[in-house]
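Take a look at the letters that make up each chain.
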Amino acid sequence: MSNTNINVERLNQYLLGSFAEARTEARERVKDTRLHKIEGQVLADQRQHVFNNLKLLVEQDAISRAFPTELGGRDDHGGNIAAFEELVTADPSMQIKAGVQWGLFGAAVLHLGTEEHHRKWIPQIISLELPGAFAMTEAGHGSDVASIATTATYDEETEEFVIHTPFRAAWKDYLGNAALHGRAATVFAQLITKGVNHGVHCFMVPIRDEDGNMLPGVGSEDDGVKGGLNGIDNGMLHFTNVRIPRTNLLNRYGDVAPDGTYSSSIDSPGRRFFTMISTLVQGRVSLDGASIAASKIGLGIAVTYANQRRQFASAGNREQLLLDYGRHQRRLIPLVAKAYAGTFAHDELLLKFDAVFSGREDNDEARQDLETLAAALKPVTTWDAMDTLQECREACGGAGFMAENRMTSLRADLDIYTTFEGDNNVLLQLVGKRLLTEYAGQLKGMEPLGLATFAAKSLAENFYSHSGLRNVVQDALDTGSERRTANSLKDPQVQHELLSSRVKMAVEEIAKALNSVRKSSAEDQADMFNQHQNDLVLASKAHARLLQWEAFTRAIEAFEEKHGESWDGTAQVLTWVRDVFALTVIEEELGWYMMHGLISPHRGRTLTEYLDRLITRLRPHAQDLVDAFGYTQEHYRAPISSGREQERQDEAHTYYEKLRKDPNAPVSEKTLRAKEKSAK
């Protein structure tokens, strides 16, 4: 057991991050029981409950932070996302429906429209007077937005755009607010004027009248019951020659004059498309943070329960706490470490987001960096949320399966987060493309095959011998001493070299493979890229873990600088948590490290043994680590984390203590036989 202590209050303040005030305000708000999910509601009632709660958020002025001050907002982009993420602790359906209304529908008008659009629609959007849908995804083209089939053809005679869905697979699908509540939609369509397709643009399209009736030419279908998030009225929309005014084109990046002439401040169609799409990155940013918050809720419940629930007799008279079992520690403590790593990386992501959207650092390079960082982090944290909530559910046994303890409900609702705002695997491919670009040191905007070819040409065959990477890692791990090897594993440089080598070597291998067919046909090149698609996704995931580790390390350094290296031991415990994160990530891909000669089988065993020791060292701090997340029972709302289990255990202990002292209590057959055997 360690004598090192954590200052929970100070660590909590640190974990609140750069937008602590907004996050704290939101956490107080979501204690309001009216905002909480009601388990077991029928579909219609759940949808109405969530819609009513959006009205409550408006009444409480909870959603205006991101909008300009002249329109009733606060121009606080980072704080807005921080506050929005906390809604997941009350009801994920409410969080996502709020995200549809203000983070997608409203943000499309704000970021893709101009001043005229802002004055006309933003106040109604903020007040919920104009509920809306965000109509981007089509049944036939999910993440491939550039290929959507819906068209917006300009009619010069009437100065109108004609919105049309040419076939069933072009129906807009999975749209929040589409099935019931939406009265308008920001529709993404191919803009066609004078016979030229200028690519995807966004249009404001009315879809229902004030009585909720569909407008002429607009069709809708209800998606019905889903695997989770049933408080949201997801549905389909399709359009049959629906006419809208020319001025309903959200024309910040592309405009059409009355005579049909197209103009844009961005000459390149590809760059124009990605610029428009990048303005909507806040969805990925918020899903990253909300997933971490949901993981923290699950961990807070599970660790608290494991520190109270007892099972099986120990050497003493009392049964043993679940968290005293090594396997239970192995199940939960690495997940706590991932939540910490995610927290620190997310705060850096929020700072980058705020810098871009506030205008302080709004340039092409900053936007691309933000896009890449969001595309890297959102997949790993949404996957972590799934793994964490499932493990927490199982760690709480049958009690974890009860709806009242929220594990199953949270997991069901969070499941779709892995697909929202871009399927995780597709996002990681985008990250992989950026990795190849940076590795080659070439200009941005090239296709993956071209990037990989240039990357391969730029790499020296003896890259690792020049960098010393391979030698640094091997020297650290092949010392021949278990103790020295374990000491090397807690060296931040060794951890960084191992994590970064996972990315660098994988990208190099992919680039070399693609380079081998650079003179072949386009079909052969595409086939080779497809063969290595999985490797590229895994390399990008490893890159995301490296980013989290780096953010964690910077956070520890900043904490030490602020409070002193040895101040009350909190920095030391954080370092152990960082080490658990790093070694867990490496252990998860230990086979790769062994195959590539960075870790021998013998050293791999040492790594696992040292990780086990670190986890045992953190066991006394587990409760403090989850308490420092800052959530209370008002956020958990799970009976098993309320102290009820401790009362039950104390009651049982009192009963059995009394029974043991009662001379008239029944004697167990096992005890009686032992006494008889001893007497003989």
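Residues numbered from 1 in each chain as written. Predicted model: local features only at pLDDT ≥ 70, side-chain atom pairs only at ≥ 80, totals over all residues. Heavy atoms only, no water.

1. A word on the overall build of the protein chain
Per the secondary structure count, the protein chain includes 27 helices and 13 strands. A globule of 680 residues ought to have a C-alpha radius of gyration of about 26 Å, and the protein chain, at 28 Å, matches this closely. Along the first, second and third principal axes, the C-alpha set of the protein chain runs to 110 × 65 × 45 Å. Scored against the burial criterion, the 680 residues of the protein chain give a buried share of 56%. When contacts within the protein chain are restricted to residue pairs at least 6 apart in sequence, those whose partners lie at least 24 apart make up 74%. Split by element, the accessible area of the protein chain, about 28800 Å² in all, is 50% carbon and sulfur. Charged side chains of the protein chain number 75 positive and 94 negative; the gap between the two group centres comes to 6 Å. (Helix = DSSP H or I, 4+ residues; strand = E, 2+ residues; numbered from the N terminus. Rg over C-alpha atoms; globule rule 2.2 N^0.38 Å. Buried < 20%, exposed > 50% of the residue type's maximum accessible area, 1.4 Å probe, protein only. Contact = heavy atoms within 4.5 Å. Areas by Shrake-Rupley, 256 points an atom, 1.4 Å probe, with all protein chains shown as cover. Lys, Arg positive; Asp, Glu negative; His and termini not counted. Charge placed at Lys NZ, Arg CZ, Asp CG, Glu CD.)

2. Description of unusual backbone geometry
Here Asn177, not a glycine, exhibits a phi torsion of approximately 75 degrees, which is positive. Given the relative accessible area of 2%, Asn177 is considered buried.

3. Some remarks on the packing of helix α9 (residues 326-357) against helix α23 (residues 601-618)
Close contact between α9 and α23 brings their axes to 10 Å; oriented N to C, the two are set at 85 degrees. As the angle between them shows, α9 and α23 are arranged roughly perpendicular. Contacts between α9 and α23 involve Gln329, Arg330, Ile333 and Pro334 on the former and, on the latter, Thr608, Leu611, Asp612, Ile615, Thr616 and Leu618. Residues of the contact of α9 with α23, tallied by class, amount to five nonpolar, three polar and two charged. (Axes fitted to C-alpha atoms, helices over the stretch in contact; angles between N-to-C directions. Parallel < 35°, antiparallel > 145°, perpendicular 65-115°, else oblique. Nonpolar A, V, L, I, M, F, W, Y, C, P; charged D, E, K, R; others polar.)

4. Looking at the UniProt feature "domain: Acyl-CoA oxidase/dehydrogenase middle" (unreviewed entry) in the protein chain
Following the UniProt record, the feature "domain: Acyl-CoA oxidase/dehydrogenase middle" (unreviewed entry) maps to residues 133-242 here. Annotation note: span residues 133-242, helix share 0%, strand share 45%, distance between end C-alpha atoms 16 Å. (UniProt positions renumbered as here; feature names shortened; annotations may be inferred.)

5. Looking at helix α19 (residues 522-531)
Among all positions of α19, only Gln525, Met528 and Phe529 are buried. What you see down the axis of α19 is that its buried residues fit within an arc of 100 degrees, all on one side. (Arc of directions from axis to C-beta.)

6. Some details on the side chain of Gln190
The residue Gln190 is located in strand β5 (residues 184-193) in this model. Excluding its chain neighbours within four sequence positions, the residues that come into contact with Gln190 are Ala146, Ser147, Ile148, Thr150, Thr151, Ala152, Asn197, Gly199 and Val200.

7. So, empty space enclosed by the protein
To find the voids left in a structure, one rolls a probe of water-molecule size over its atoms. Inspection of every chain in the model, using the stated rule, returns two cavities of 30 Å³ or more. The space that makes up the largest cavity amounts to roughly 130 Å³. Leu15, Arg23, Lys296, Thr343 and His346 are, among the 15 residues lining the largest cavity, the residues nearest its centre. Contributing elements (two or more residues each) for the lining of the largest cavity: α2 (20-29), α8 (282-306) and α9. Broken down by element, the residue count for the lining of the largest cavity peaks at four residues, all from α8. Taken together, the residues of the lining of the largest cavity sort by class into five nonpolar, four polar and six charged. Within this model, the second largest cavity holds a volume of roughly 60 Å³. (1 Å grid on protein atoms, 1.4 Å probe; cavity = no way out; pocket = protein on both sides within 12 Å on 5 of 7 lines; lining within 4 Å. Points joined across faces, edges and corners; volume = space filled by probe spheres on them.)

8. What to know about the packing of aromatic side chains
Aromatic rings in a pair are described by how distant their centres are and how their planes are angled relative to each other. As enumerated under the stated definition, the model contains 13 aromatic pairs in all. Here the aromatic rings of Trp592 and Tyr593 are separated by 5.2 Å at their centres, their planes lie at 85 degrees, and the arrangement is edge-to-face. Both residues of the pair, Trp592 and Tyr593, count as buried. When the centroid spacing of 5.1 Å and the interplanar angle of 80 degrees are considered together, the rings of Tyr655 and Tyr656 count as edge-to-face. You can call Tyr655 partly exposed: its relative accessible area is 49%. Among the aromatic residues, ring-to-ring pairing joins Tyr14, Tyr340, Phe344, Phe552, Phe559 and Phe629 into one connected group. Stacked on the ring of Trp171, the Lys or Arg Arg168 has its end atom at 3.8 Å from the ring centre. The ring centre of Phe357 lies 5.3 Å from the NZ or CZ of Arg367, which sits over that ring. (Phe/Tyr/Trp six-rings, centres within 6.5 Å; stacked < 30°, edge-to-face > 60°. Lys NZ or Arg CZ within 6 Å of the ring centre and 35° of its normal.)

9. Considerations on the nonpolar core
In this structure, Phe188, Tyr340, Leu625 and Phe629 are the most contacted members of the largest nonpolar core, which totals 167 residues. Not counting the four nearest positions on each side in its chain, Phe188 is found in contact with Leu112, Phe134, Ala135, Met136, Ile148, Thr150, Lys172, Val200, His201, Cys202 and Leu280. Counting residues in hydrophobic clusters, the runner-up holds 23 residues, among them Ile163, Val187, Phe203 and Val218. (Core = buried A, V, L, I, M, F, W, Y, C linked by side-chain atoms within 4.5 Å.)

10. Regarding the sheet that holds strand β4 (residues 172-175)
In spatial order, the strands read β4-β8-β7; together these three strands make up an open sheet with antiparallel pairing. Strands with a single pairing partner mark the edges of an open sheet, and in this sheet they are β4 and β7 (218-222). Adjacent strand axes in the sheet meet at a mean angle of 25 degrees when their direction is disregarded. Bridge count for β7 against strand β8 (residues 235-239) is five bridges, and the pairing is antiparallel. (Pairing = 2+ DSSP bridges.)

11. Here we look at the side chain of Ser64
By secondary structure assignment, the location of Ser64 is in the loop between α3 (43-59) and α4 (77-85). Since its relative accessible area comes to 1%, Ser64 is described here as buried. A polar contact is formed between the side chain of Ser64 and the side chain of Asp61, at a distance of 2.8 Å. Excluding residues within four positions of it along the chain, Ser64 makes contact with Gly72, Gly73 and Arg74. (Polar contact = N/O pair within 3.5 Å; in protein donor to acceptor, adjacent residues only side chain to side chain.)

12. As for the pattern of salt bridges
Two side chains of opposite charge can pair, provided their charged atoms sit close to one another. Overall, the coordinates contain 45 salt bridges when judged by the stated rule. For Arg47, the salt bridge goes to Asp222, with nearest N and O atoms at 2.8 Å. With Arg47 in helix α3 and Asp222 in strand β7, this pair connects stretches of sequence that are 175 residues apart. Residue classification places Arg47 among the buried positions, given a relative accessible area of 5%. Residue Asp222 is classed as partly exposed on the basis of its relative accessible area of 42%. Across the salt bridge formed by Glu587 and Arg330, the nearest N and O atoms sit 2.8 Å from each other. With Glu587 in helix α21 (residues 570-588) and Arg330 in helix α9, the pair connects residues that are 257 residues apart, well separated along the chain. Take Arg330: its relative accessible area is 22%, and that puts it in the partly exposed class. Among the charged side chains, a network of salt bridges with common partners joins Glu25, Arg29, Asp61, Arg65, Arg74 and Asp76. (Salt bridge = Lys/Arg side-chain N within 4 Å of Asp/Glu carboxyl O.)

13. Overview of a nonpolar patch on the surface
Taken together, the side chains of Tyr655, Tyr656 and Leu659 define a hydrophobic patch exposed on the protein surface, amounting to about 310 Å² of accessible area. Mapped onto the elements, Leu659 comes out in helix α26 (residues 644-661). (Patch = residues over 30% accessible without salt bridge, like charges linked within 9 Å, V, L, I, M, F, W, Y side chains within 5 Å.)

14. Focus on the UniProt feature "domain: Acyl-CoA dehydrogenase/oxidase N-terminal" (unreviewed entry) in the protein chain
Sites flagged by UniProt as "domain: Acyl-CoA dehydrogenase/oxidase N-terminal" (unreviewed entry) map to residues 46-128. With 69% helix and 0% strand, residues 46-128 has end C-alpha atoms that lie 18 Å from one another.

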